[in-house]
Amino acid sequence: MPVPGSKTLTDQGRQRKLHRLGIFCGIAAALWLAGAEAPTKLVTVAVSPLVISFMMVLGAFVSRWSLPAVIRGTADTFSDARNAPHLMVWGVMAGCLWATGNTLTIFAVRDIGLSLAFPLWNSNSLIGILWGTLLFKELHGAGWWRKVGVVGGALVIFTGALLISAAASTSQGTHGGALRGVIAALGAGLLFGSMYIPYRKAYITGMNPLTFLTFFTFGEMATVTVLALVFLGGPLALWRELVAERAILFWPLLGGFLWVVGDLFQNYATKYVGISRGIPLSNTNQLWGLFWAILVFGELRGLSGNVYAQVIGGSLLMAAGAMAIALSSASESEYSNWRKAAQREMDRYGIDPAYVTLRMEGREPGPGRARRGWIDWVLIGAALLIFGALGAMARAPRMEIQMAWLAALSLAMLIVLIAGGLALRRVTGFS
Amino acid sequence: MRLRSESSERPRSPWKAILGDVQFWAPFGVLLLGLLVLALIQ
């Protein structure tokens, strides 16, 4: 039986294959996560940020239950969870972190705009690397090139964030509340960055991302419901808001769906190449976000050339820093650290070593997965019904949208979805 | 058959293992901080 710590030539070949898959998943995640933020543009048409966040999380909730049903079946999710039941706690907590962070991003978008807020909350990869170093000993014993790459990349990202912040303060007149927007965006970055602690914990144990993210939904749905009820003034007030805004509810719901696809790719990247490479790669979504903002929504028009230079230069610097971090990982020391971290989990929570080893390699521990049942078809049908009903009520928001660029970016997302889905199925069977 | 690694460091109950884990308290603390920030800027 293979145990963590054992290593063969076959393992190394498998690791290279999983590495390439993880890198591709990180890039695919970037495209989809950027697309998911586009519907939050609706907050500029006087819709409560809490209503937008609630609908986005509802879309994510519906998608998270229906997509695993489509891909592997719900029975497989519960069967996987029985191998490491303690991770349900971290799944729910990660959902709470995401829902709170997502609500903050909506305040940030409203106050300083998508193209300015986006890079600020994408500083979450720095937080993730910090937690990885402190809690999972990711950089301990690493070569100096890797340390230089990570620390240098982090400094470049910080410089980029400063440039963006400067641009945010100069464009204050266009949105108002710039300081509040910057605080909200940085707070979201801290929450999203800390969300990688549960992610990391789940994937060093080998859990399937589809399983982990299913429990994540309970945390995110419960948190956003409580936030909406508390801040809007109770269930009646929330219902009145939803009814009043029914014509736009579909768009954040769609954003939630896009986010789930992006996050699934991000989680597979985290599982197969770790936080230090997977998260910075998926955080290049800020560049795609900039394309959406400028090409599709026509943001940043009428500002000075200096502000354009700060925003674009800052975004490019942040992406370059992220790439430096992504490319500076020393594979063997990282895999060695993964095995040590996995051993801690096995010792503390009494997890089957065979399960951990096989799942870390993207293989199935049992004699084949559970079959899809009637409950899966009910979940899929309910999801289609909810999306269909809200889609039928939807009206296109009254804002200038460049349809040709919208189609081009959507096509790019579709291509990486098909390519990524086929690769995940072939190499790991979505494990 | 389910094999488990044995360790003298393993807490007796799952909840004790979770509540004694710094990897639980770090994100939980950040969550409380985030909720505070949200309440202040709302």
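Everything numeric here is computed off the predicted structure, so don't read it as measured data.

J.: Is there a simple way to think about the overall build of chain A in this case?
T.: Counting secondary structure elements, chain A contains 20 helices and zero strands. Evaluated residue by residue, chain A yields a buried proportion of 56% over its 431 residues. Sequence-distant contacts in chain A: of pairs separated by 6 or more residues, those separated by 24 or more amount to 91%.

J.: It is not clear to me how the packing of helix H11 (residues 209-232) of chain A against helix H13 (residues 250-273) of chain A should be interpreted in this structure. Could you clarify?
T.: Helix packing for two helices is described by the angle between their axes and how far apart those axes are. All names here are of chain A. Look at H11 against H13: their axes get within 10 Å of each other, and the N-to-C directions meet at 125°. Classified by the angle their axes make, H11 and H13 are oblique. For the element pair H11 and H13, the recorded crossing hand is right-handed. Seen from H11, the contacting residues are Pro 209, Phe 212 and Leu 213; seen from H13, they are Asp 263, Leu 264, Asn 267, Tyr 268 and Lys 271. Looking at the contact of H11 with H13 residue by residue, the classes come out as five nonpolar, one polar and two charged.

J.: What is the right way to look at helix H2 (residues 22-41) of chain B in this model?
T.: The end-to-end C-alpha distance of H2(B) is 29 Å, a good match for the 28 Å that 20 residues give at a rise of 1.5 Å each. In this fold, the buried residues of H2(B) make contact with helix H4 (87-112), helix H6 (124-136), helix H9 (178-194) and helix H10 (196-205) of chain A.

J.: Explain the interface of chain B and chain A to me, please; I cannot follow it from the model alone.
T.: Think of interface size as the accessible area that goes away when the parts come together; that is how it is often given. Listed per partner, the contact involves 24 residues of chain B and 31 residues of chain A. Contributing elements (two or more residues each) for the side of chain B that touches chain A: helix H1 (14-19) and H2 of chain B. Per element, the largest residue contribution to the side of chain B that touches chain A is 12 residues, and it comes from H2(B).

J.: Help me out: how do you make sense of the nonpolar core in this one?
T.: In globular proteins that are soluble, nonpolar side chains generally tend to be buried together. Core analysis: the largest hydrophobic core is formed by 130 residues, its most contacted members being A:Trp32, A:Val57, A:Leu97, A:Ala108, A:Ala117, A:Ala185 and A:Phe265. Aside from chain neighbours lying at most four places away, what touches A:Ala185 is A:Thr105, A:Ala108, A:Ile112, A:Ala117, A:Leu120 and A:Trp121.

J.: Would you mind showing me how to read the confidence of the model for chain B here?
T.: Do not read the predicted coordinates in detail wherever pLDDT is low. Residues and elements named next belong to chain B. For chain B, mean pLDDT is 78; residues scoring 70 or higher make up 71% of the total. Below pLDDT 50 for its whole length, residues 1-8 participates in 10 contacts with residues either more than four positions away or in separate chains. Confidence estimates for the predicted assembly give a pTM of 0.80 and an ipTM of 0.80.

J.: What should I look at first to understand helix H14 (residues 275-282) of chain A in this one?
T.: For an α-helix, the turn length of 3.6 residues means that residues three or four places apart are oriented alike. Within H14(A), eight of the eight residues are buried, leaving the element largely enclosed by the surrounding structure. Listing the buried residues of H14(A) in full gives A:Ile275, A:Ser276, A:Arg277, A:Gly278, A:Ile279, A:Pro280, A:Leu281 and A:Ser282.

J.: How should the environment of A:Ala60 be read in this particular structure?
T.: All names here are of chain A. Along the chain, Ala 60 falls in helix H2 (residues 49-71). Overall, the presence of 30 C-beta atoms within 10 Å leaves Ala 60 in the buried class. For the pair Ala 60 and Asp 352, spaced 292 residues apart in sequence, the C-alpha separation works out to 31 Å.

J.: What exactly am I supposed to notice about the packing of H10(A) against H2(B) here?
T.: It is the contact of H10(A) with H2(B), at a shortest axis distance of 9 Å, that shows an interaxial angle of 150°. By the angle between their axes, H10(A) is roughly antiparallel relative to H2(B). Touching A:Ile197, A:Pro198 and A:Lys201 of H10(A) are B:Gln23, B:Ala26 and B:Pro27, all from H2(B). Class assignment for the residues of the contact of H10(A) with H2(B) results in four nonpolar, one polar and one charged.

J.: What's the story with the confidence of the model for chain A in this structure? I'm lost.
T.: All names here are of chain A. In this model, chain A carries a mean pLDDT of 80, and residues with pLDDT of at least 70 account for 87%. Confidence scores differ between elements of chain A, with helix H8 (residues 172-175) showing the lowest mean pLDDT of 49 and helix H20 (residues 403-428) the highest of 92. The low-confidence segment residues 1-9, where pLDDT is below 50, has 11 contacts with residues more than four positions distant or belonging to other chains.

J.: When you look at the environment of A:Thr225 in this model, what are you seeing that I'm missing?
T.: Counting through the fold element by element, A:Thr225 comes out in helix H11. Note: C-alpha distance between A:Thr225 and A:Val51 (174 residues apart in sequence) is 9.8 Å.

Rules and cut-offs
Residues numbered from 1 in each chain as written. Chains lettered and ligands numbered in written order. Predicted model: local features only at pLDDT ≥ 70, side-chain atom pairs only at ≥ 80, totals over all residues. Helix = DSSP H or I, 4+ residues; strand = E, 2+ residues; numbered from the N terminus. Buried ≥ 20, exposed ≤ 12 C-beta atoms within 10 Å, placed from the backbone. Contact = placed C-beta atoms within 7 Å. Axes fitted to C-alpha atoms, helices over the stretch in contact; angles between N-to-C directions. Parallel < 35°, antiparallel > 145°, perpendicular 65-115°, else oblique. Left-handed = near helix turned anticlockwise from the far one by under 90°. Nonpolar A, V, L, I, M, F, W, Y, C, P; charged D, E, K, R; others polar. Expected span 1.5 Å × (residues − 1). Core = buried A, V, L, I, M, F, W, Y, C linked by C-beta atoms within 7 Å. pLDDT = per-residue confidence, 0-100.

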